[in-house]
Amino acid sequence: MTFPIATHGNGRDLVLVHGWAMHGGIFAPLIGQLSAHFRVHAIDLPGHGAHHGFTSGALDPTTCARELCAQLPPAIWVGWSLGGLVALQAALDRPEHVRGLVAIASSPRFVVADDWPHGVEATVFAEFASALETRFEHAIERFLALETLGSPHAHDELRALKQQVFAHGQPSAAALREGLDVLADTDHRAALAQLQAPSLWIAGRRDRLVPPAAMRWAASQAPRGEFLELAAGHAPFLSHADDVSAAIVRYAAAVPA
């Protein structure tokens, strides 16, 4: 599997992994700033953006991590939401390849459990999966609205997300269904103690999908974890691009090359 990769700037390698229904172009506000410090690689996940020809299982985090590591140089990985699960998997499986991990609005477990209150009900993802079958574009727009809910710049963020989601054509319906399954089923909590790379967990205080408490907990479990909370929703790199960029630059300066 070959991933479409847009590379910008020069310097230390940094990988950006986007979230559900999106593509690498959603990171434009970050790329404009980070490319002054890094060689930034913005990828498109299978079935998203310019990555066509989706096959079942292609969005499995282990599969994605393995295939991406084969195509990319050793780097610091930045993953947003669903992309954070892929980036975390890569850091766990290939510590020699993932020098550092930045998780943006991404949790080790997205759904609640008896021992995990820091998520959403599993029915949330099941309902979106069902809606994809009957009202495809409406289901995507509802999910995007959920991502911006609570943000002080919700209207602007929602408009930006809507503009990006179909910028490279319609995402694969099969990929979107599989992505929802990944969000519903993945649980990386027990593996965090084995994370070798230093990690930075950036949360949005008003995020309705990934509570900041989930990321604060993850940072406390990772051996070299750091937590940052911004007054943002689920896409802090849209509303607080300067703060997110500065945090990544500062964090990377302490990550061994």
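One structure accompanies this document, and this report is about it. Only a predicted model underlies this, so the values are computations on that prediction, with no experimental measurement involved. (Residues numbered from 1 in each chain as written. Predicted model: local features only at pLDDT ≥ 70, side-chain atom pairs only at ≥ 80, totals over all residues. Heavy atoms only, no water.)

Moving on to the overall build of the chain. Within the chain, the secondary structure is distributed over 10 helices and seven strands. Scaling as 2.2 N^0.38, a compact globule of 257 residues should have a C-alpha radius of gyration of about 18 Å, and the chain matches this with 16 Å. Dimensions of the chain, computed from C-alpha atoms along their principal axes, come out at roughly 50 × 40 × 35 Å. Looking at the 257 residues of the chain, the share that counts as buried comes to 54%. For the chain, contacts bridging at least 24 residues in sequence account for 76% of all contacts bridging at least 6. (Helix = DSSP H or I, 4+ residues; strand = E, 2+ residues; numbered from the N terminus. Rg over C-alpha atoms; globule rule 2.2 N^0.38 Å. Buried < 20%, exposed > 50% of the residue type's maximum accessible area, 1.4 Å probe, protein only. Contact = heavy atoms within 4.5 Å.)

Time to look at the packing of aromatic side chains. A full pass over the atoms with the stated rule returns five aromatic pairs. On the basis of an interplanar angle of 80 degrees and a centroid distance of 4.9 Å, the ring pair of tryptophan 80 and phenylalanine 237 is categorised as edge-to-face. Of the two residues, tryptophan 80 is situated in strand S4 (residues 75-80) and phenylalanine 237 in helix H9 (residues 236-239); the sequence distance between them amounts to 157 residues. In this structure, tryptophan 80 and phenylalanine 237 share a single accessibility class: buried. Ring geometry for tryptophan 116 against tryptophan 217: centres 5.2 Å apart, planes inclined by 75 degrees, an arrangement best described as edge-to-face. (Phe/Tyr/Trp six-rings, centres within 6.5 Å; stacked < 30°, edge-to-face > 60°.)

Evaluated as defined, the whole model comprises zero disulfides. Lacking any disulfide linkage, cysteine 64 is separated from the closest cysteine sulfur, that of cysteine 69, by 11 Å. (Disulfide = S-S within 2.5 Å.)

Time to look at the packing of helix H5 (residues 136-148) against helix H6 (residues 154-165). Their axes nearest at 9 Å, the elements H5 and H6 cross at an angle of 145 degrees. The crossing of H5 and H6 is right-handed. On H6, the residues touching Ile140, Glu141, Leu144, Ala145, Glu147 and Thr148 of H5 are Ala154, Glu157, Leu158, Leu161, Lys162 and Val165. Residue classes in the contact of H5 with H6 are distributed as seven nonpolar, one polar and four charged. (Axes fitted to C-alpha atoms, helices over the stretch in contact; angles between N-to-C directions. Left-handed = near helix turned anticlockwise from the far one by under 90°. Nonpolar A, V, L, I, M, F, W, Y, C, P; charged D, E, K, R; others polar.)

Take helix H8 (residues 212-221) next. Three or more residues of H8 are buried, namely Pro212, Ala214, Met215, Ala218 and Ala219. All buried residues of H8 lie within an arc of 155 degrees about the axis, which places them on one face of the element. Structurally, H8 contributes buried residues whose contacts are with strand S5 (98-104), strand S6 (199-204) and strand S7 (225-230). (Arc of directions from axis to C-beta.)

Moving on to the environment of histidine 52. Examined against the element boundaries, histidine 52 turns out to sit in the loop between strand S3 (38-43) and helix H2 (61-71). On the accessibility criterion, histidine 52 (58% relative accessible area) is exposed.

Now for the pairing of S4. Of all the six residues making up S4, six are buried; the element is thus mostly covered by neighbouring parts of the structure. Direction of pairing for strand S2 (residues 12-17) relative to S4: parallel, over a ladder of four bridges. Across the sheet, residue leucine 16 finds its bridge partner in S4, namely valine 78. Here S4 runs beside S5; their pairing, made up of six bridges, is parallel. Counterpart to tryptophan 80 in the pairing with S5 is isoleucine 104. One crossover worth recording links S4 to the parallel S5 by way of helix H3 (residues 82-93), and it is right-handed. (Pairing = 2+ DSSP bridges. Right-handed = clockwise from strand over helix to strand, strands pointing away.)

Below, the discussion takes up the pattern of salt bridges. A full pass over the atoms with the stated rule returns 10 salt bridges. Here arginine 66 makes a salt bridge to glutamate 67, at a shortest N to O gap of 3.9 Å. Of the residues examined, glutamate 67 reaches a relative accessible area of 22% and is grouped as partly exposed. Its salt-bridge partner being glutamate 226, residue arginine 250 comes within 2.9 Å of it at the nearest N-O pair. Here glutamate 226 lies in strand S7 and arginine 250 lies in helix H10 (residues 241-253), a separation of 24 residues in the sequence. Of the residues examined, arginine 250 reaches a relative accessible area of 43% and is grouped as partly exposed. Residue glutamate 226 is classed as partly exposed on the basis of its relative accessible area of 31%. Taken together, the salt bridges that share partners define one network made up of Arg109, Asp115, Asp187 and Arg189. (Salt bridge = Lys/Arg side-chain N within 4 Å of Asp/Glu carboxyl O.)

Shape is all these values report; function is a separate question.
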